[in-house]
Amino acid sequence: MFLNKANEVLSPGYLPFETGYRRLDAVQIEIACLHRLHGVKGNMIDWWMRQMGKNNDWLARLHPADTRLLEWKSRPARNEYIGAKYVVEVDGRKWLISYHDAAEMLDTSRFTDANITFAVCGRIGAREAPYWAGKFLQVCRDTDFGCEARHRYWFGDTGRKDEAPDADTLALVTNAKFAAGMIAWDLEGMENLETLLKGVGPR
């Protein structure tokens, strides 16, 4: 789905496309990951996100082998994460990440009926690039066994034409190798988060 159909993640049941990557057009690619987290609820993930500004090993605990936080551009207030912006290095590549209120992408009035207990969106781009390369969305729906976390990334579509690079530049980023690497990175992070939250998260 294109970014303007992001509210589809609030629909009951499962969507035809839940995990994998697919090309939307010549320069846009969508990456999706569905995580079934046992014994973990959305409020626990919200709690984890609120630890963001308290220590610099927050990300490294999810990706100990290849990810480290390099620099805060906007450190969040205590127990907050909306408005946070930081530079992170992943496998030698430096990225700028910015977190935004989920209301920028989703109809939050549907959250209660959809049993959504955590949601956040944001932007991602190369550290030195003068544009954003894409957007991301993270949504958790509580279930009997824990929760289902849906992560979506749209590379090549920032939602604003004046923030987008030219097609040739985007084509270098939105390729199959990059998408497969993003899926592996996302899966690793959520597997580690599930283990961490079972040990230290709120109940």
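Quick note: structure is the one above.
Residues numbered from 1 in each chain as written. Predicted model: local features only at pLDDT ≥ 70, side-chain atom pairs only at ≥ 80, totals over all residues. Heavy atoms only, no water.

Trainee: Residues and numbers for the pattern of salt bridges, please.
Mentor: For the coordinates displayed, the defined rule picks out 13 salt bridges. A salt bridge links Glu-30 to Arg-152, with the shortest nitrogen-to-oxygen separation between them at 2.5 Å. With a gap of 122 residues between them, Glu-30 in strand 2 (residues 29-38) and Arg-152 in strand 8 (residues 146-155) connect regions that are remote in the sequence. For Arg-152, a relative accessible area of 2% gives the class buried. Here Arg-68 ties to Glu-89 by a salt bridge, and the two come within 2.8 Å at their closest N and O atoms. Of this pair, Arg-68 sits in strand 3 (residues 67-74) while Glu-89 sits in strand 4 (residues 85-90), placing them 21 residues apart in sequence. For Arg-68, a relative accessible area of 47% puts it in the partly exposed group. Given a relative accessible area of 14%, Glu-89 falls into the buried group. (Salt bridge = Lys/Arg side-chain N within 4 Å of Asp/Glu carboxyl O. Helix = DSSP H or I, 4+ residues; strand = E, 2+ residues; numbered from the N terminus. Buried < 20%, exposed > 50% of the residue type's maximum accessible area, 1.4 Å probe, protein only.)

Trainee: Run through the environment of Arg-141, naming residues and quoting values.
Mentor: The residue Arg-141 is located in strand 7 (residues 134-142) in this model. Sequence separation of Arg-141 and Phe-118 is 23 residues, and the distance between their C-alpha atoms is 7.4 Å. Not counting residues within four places of it along the chain, the set of residues in contact with Arg-141 comprises Val-9, Leu-10, Ser-11, Pro-12, Gly-13, Ala-114, Asn-115, Ile-116, Gly-146, Cys-147, Glu-148 and Arg-150. At a separation of 3.2 Å, a polar atom in the side chain of Arg-141 contacts the main-chain carbonyl oxygen of Leu-10. Within the structure, Arg-141 has its side chain in polar contact with the backbone oxygen of Ala-114 (distance 3.0 Å). (Contact = heavy atoms within 4.5 Å. Polar contact = N/O pair within 3.5 Å; in protein donor to acceptor, adjacent residues only side chain to side chain.)

Trainee: Give a detailed account of unusual backbone geometry, specifying residues and quantitative values.
Mentor: Residues apart from glycine generally show negative phi values, whereas peptide bonds are mostly found in trans. Positive phi values are uncommon outside glycine, yet Asp-91 reaches one of about 50°. If you trace the backbone, Asp-91 turns up in the loop between strand 4 and strand 5 (93-100). Judged by its relative accessible area of 64%, Asp-91 is exposed. Within the chain, Asn-115 stands out as a residue other than glycine whose phi angle is a positive 60°. With respect to the helices and strands, Asn-115 occurs in the loop between helix 2 (111-114) and strand 6 (116-126).

Trainee: Break down the environment of Tyr-21 for me, citing the residues and quoting the values.
Mentor: Residue position: Tyr-21 is located in strand 1 (residues 20-23). Residue class for Tyr-21 comes out partly exposed when judged on its relative accessible area of 38%. Between the alpha carbons of Tyr-21 and Cys-33 there is a distance of 8.9 Å; along the sequence they are 12 residues apart.

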